[in-house]
Amino acid sequence: MVASAAKVEDEPQSDGALLLRDIAAIFTTPRGERINSSDLCDTLCALEDSPWGEWRGNKPISTRGVAQLLKPFGIKPIRDRAGSFYRMHDFDDAFARYLTAET
């Protein structure tokens, strides 16, 4: 079972919940109904006060790393001829379940 993102102020969030929080923030900016996997990684790494720019071994999180963290939430990238991407509405259930109004 995936840990809830609801937290007490001093309680650390899971990596997956933190990723959901940051993706929710990314989707608040106008960008259409989908985001390319590489663009998502680049945007995550550019966020201030986030761990994604120095994720594992001081390297930025990869598209594979994002996919692995999202897998427990039932969110998978979709592939087409242009590459892989995520649809905004695929996150709706995870956002509703694991993010509080404060996050």
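Coordinates for the structure precede this section.
Residues numbered from 1 in each chain as written. Predicted model: local features only at pLDDT ≥ 70, side-chain atom pairs only at ≥ 80, totals over all residues. Heavy atoms only, no water.

*Asks:* Whenever I open this one, the sheet that holds strand 2 (residues 78-80) confuses me. Can you help?
*Replies:* Two orientations exist for strands paired in a sheet by backbone hydrogen bonds: parallel and antiparallel. Within the open sheet, the 3 strands sit side by side as 1-3-2. Their pairing is antiparallel. The open sheet has two edge strands with one neighbour each: strand 1 (34-36) and strand 2. Taken over all neighbouring pairs, the strand axes of this sheet differ in orientation by 40° on average, direction set aside. Both strand 1 and strand 3 (residues 83-87) contribute to a ladder of 3 bridges, which runs antiparallel. By the bridge assignment for strand 3, Ile35 is matched with Tyr86. In the packing of helix 2 (residues 37-46) onto the sheet, the strands contacted are strand 1 and strand 3, and the crossing angle to strand 1 comes to about 80°. (Pairing = 2+ DSSP bridges. Helix = DSSP H or I, 4+ residues; strand = E, 2+ residues; numbered from the N terminus. Axes fitted to C-alpha atoms, helices over the stretch in contact; angles between N-to-C directions. Contact = heavy atoms within 4.5 Å.)

*Asks:* How should unusual backbone geometry be read in this particular structure?
*Replies:* Negative phi values dominate among residues other than glycine, just as trans dominates among peptide bonds. In this structure, Asp49 is a non-glycine residue whose phi angle is positive, near 60°. The residue Asp49 is located in the loop between helix 2 and helix 3 (63-70) in this model.

*Asks:* So what exactly am I meant to see when it comes to the side chain of Ser37 here?
*Replies:* Position of Ser37 relative to the elements: it lies in helix 2. Accessibility expressed as a relative area gives 5% for Ser37, which makes it buried. There is a polar contact of 2.8 Å between the side chain of Ser37 and the side chain of Ser84. Residues within four places of Ser37 in sequence aside, it is in contact with Thr63, Pro77, Ser84, Phe85 and Tyr86. (Buried < 20%, exposed > 50% of the residue type's maximum accessible area, 1.4 Å probe, protein only. Polar contact = N/O pair within 3.5 Å; in protein donor to acceptor, adjacent residues only side chain to side chain.)

*Asks:* Honestly, the pattern of salt bridges in this entry has me stumped. Any pointers?
*Replies:* A pair can form between side chains of opposite charge whenever their charged atoms are brought close. Under the defined criterion, the tally for this structure stands at 5 salt bridges. Ionic pairing is found between Arg21 and Asp22, a salt bridge with its closest N-O pair at 2.9 Å. Of the residues examined, Arg21 reaches a relative accessible area of 26% and is grouped as partly exposed. In this structure, Arg97 engages Asp93 in a salt bridge whose closest nitrogen and oxygen atoms are separated by 2.9 Å. Residue Arg97 and its partner Asp93 are both found in helix 4 (residues 92-98); the two are separated by 4 residues, about one turn of the helix. Overall, Arg97 belongs to the exposed group, its relative accessible area being 56%. Since its relative accessible area comes to 44%, Asp93 is described here as partly exposed. (Salt bridge = Lys/Arg side-chain N within 4 Å of Asp/Glu carboxyl O.)

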